[in-house]
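A structural walkthrough
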Amino acid sequence: MSQLYEEASAFIRLCYRELGKSEAEMEARLEAIHDEIRQHNHYEHTSEELEFGAKAAWRNSNRCIGRLYWNTLHVVDERAASTAPEVRDALLRHISYATNNGKIRPVISIFRPARAGEQQVRIWNYQLIRYAGYETEQGIVGDPHSVPFTNHCLRLGWKSEKKPFELLPFVIQIRDERPQIFDIPREYVLEVPLRHPDIPRIADLQLKWYAVPIVSNMRLEIGGIQYTAAPFNGWYMATEVGARNLADEARYNLLPTIARCMGLDTSKPAIYWKDRALVELNLAVALSYQEAGVRMVDHHMAAQQFKQFELQEQQAGRGVTGDWTWLIPPVSPATTHIFHSQYDNTWNTPNFFYQDDLKLEDD
Ligand code: ARG
């Protein structure tokens, strides 16, 4: 039998067992899928299968510390969207529903999967909400991570102002048509200005970050079906913003600036100025989100929740897989149990996988 059927069958067995369906129901479904694959080299998931598949993909995401909440994922079936404007509208609905005025809800919107190897929908953005980055005479403005993608947007005709926290447009592709760009109306995007209760000079820097991280470039694989457009979000862990996005040398590289705000001597590496700046920056992020009423978790709480997830999975008779190098937080890792544990990094499906970045003809 075909590889697609093999994968479909493994998924349907898992799904129907966990959803408590009867053996007869499962056999009937397998037979129907078998016929569908023979005729079309493709099969369609029911909404129930889609929902379970997306949740299981989160549960299997070895690099995610937030998996305790896998079963609360809100799954939106957007397979009816067939044009770029329809996809854009669905993405805006996703942003609104997920943002929920700061009481962030985990959401995934699932668009048409590839059919017999042919891609139907693709969103080229890394995240739906993300800041642009430019190489200028005075160095990089904005997020250095976005420089290649920003260049693509400019070549597709996007107009920009080259500011440090400028929202990138959606880049949506239908089948093999030319990708289309759409600006996100400002009112859809909740952002949090950063301040520190004891270091007023941090607010003077006019830093901010967006509320909801919505990863949009990964492929969701369920039962051999490839969903090439399936943007999903949870809420942020503070260190993602404070210890990586704003702190990495290859990102906003703000530790020297924060250290100056704190009046620290940065001339010698041995006096912990980076570490002190890092802690205060992370505190500024966490407190600013809290004050703005935007849901965020700190790494200690997240690690505890992950422990609960491990326990819960064990009780359900499943093993937890994980990627230690990603699960440990970038701030004070050894204060969490994760650092002192070992994880089996086997990738089970359903799961999320990387896919290629955008290439334009003149690349
Ligand atoms: N680390 C990425 C960022 O800083 C976001 C990845 C997803 N994170 C999440 N909490 N769901 O933007």
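To start, this report covers the structure provided alongside it. (Residues numbered from 1 in each chain as written. Predicted model: local features only at pLDDT ≥ 70, side-chain atom pairs only at ≥ 80, totals over all residues. Heavy atoms only, no water.)

Packed helix pairs are characterised by how far apart their axes lie and by the angle those axes make with each other. At a closest axis distance of 9 Å, the pairing of helix 7 (residues 238–245) and helix 9 (residues 273–291) adopts a crossing angle of 140°. In the packing of helix 7 onto helix 9, the handedness of the crossing is right-handed. From helix 7, Ala 238, Thr 239, Val 241, Gly 242 and Ala 243 reach across to helix 9, where they touch Leu 278, Leu 281, Asn 282, Val 285, Ala 286 and Tyr 289. Here the residues of the contact of helix 7 with helix 9 sort into eight nonpolar, three polar and no charged. (Axes fitted to C-alpha atoms, helices over the stretch in contact; angles between N-to-C directions. Helix = DSSP H or I, 4+ residues; strand = E, 2+ residues; numbered from the N terminus. Left-handed = near helix turned anticlockwise from the far one by under 90°. Contact = heavy atoms within 4.5 Å. Nonpolar A, V, L, I, M, F, W, Y, C, P; charged D, E, K, R; others polar.)

This next bit is on the sheet that holds strand 2 (residues 107–110). Taken in spatial order, the four strands make up an open sheet running 1-2-13-10, and their pairing is mixed. In this open sheet, the two edge strands, each paired with only one partner strand, are strand 1 (74–77) and strand 10 (214–215). Sheet topology places strand 2 next to strand 13 (residues 232–233); two bridges connect them, and they run antiparallel. Along strand 13, the bridge assignment pairs Ile 108 with Phe 232. Along the sheet, helix 3 (residues 47–59) contacts strand 1 and strand 2; its crossing angle with strand 1, the most-contacted strand, is approximately 135°. Of the strands in this sheet, strand 1, strand 2, strand 10 and strand 13 touch helix 4 (residues 84–99), which is tilted by about 165° from strand 2. (Pairing = 2+ DSSP bridges.)

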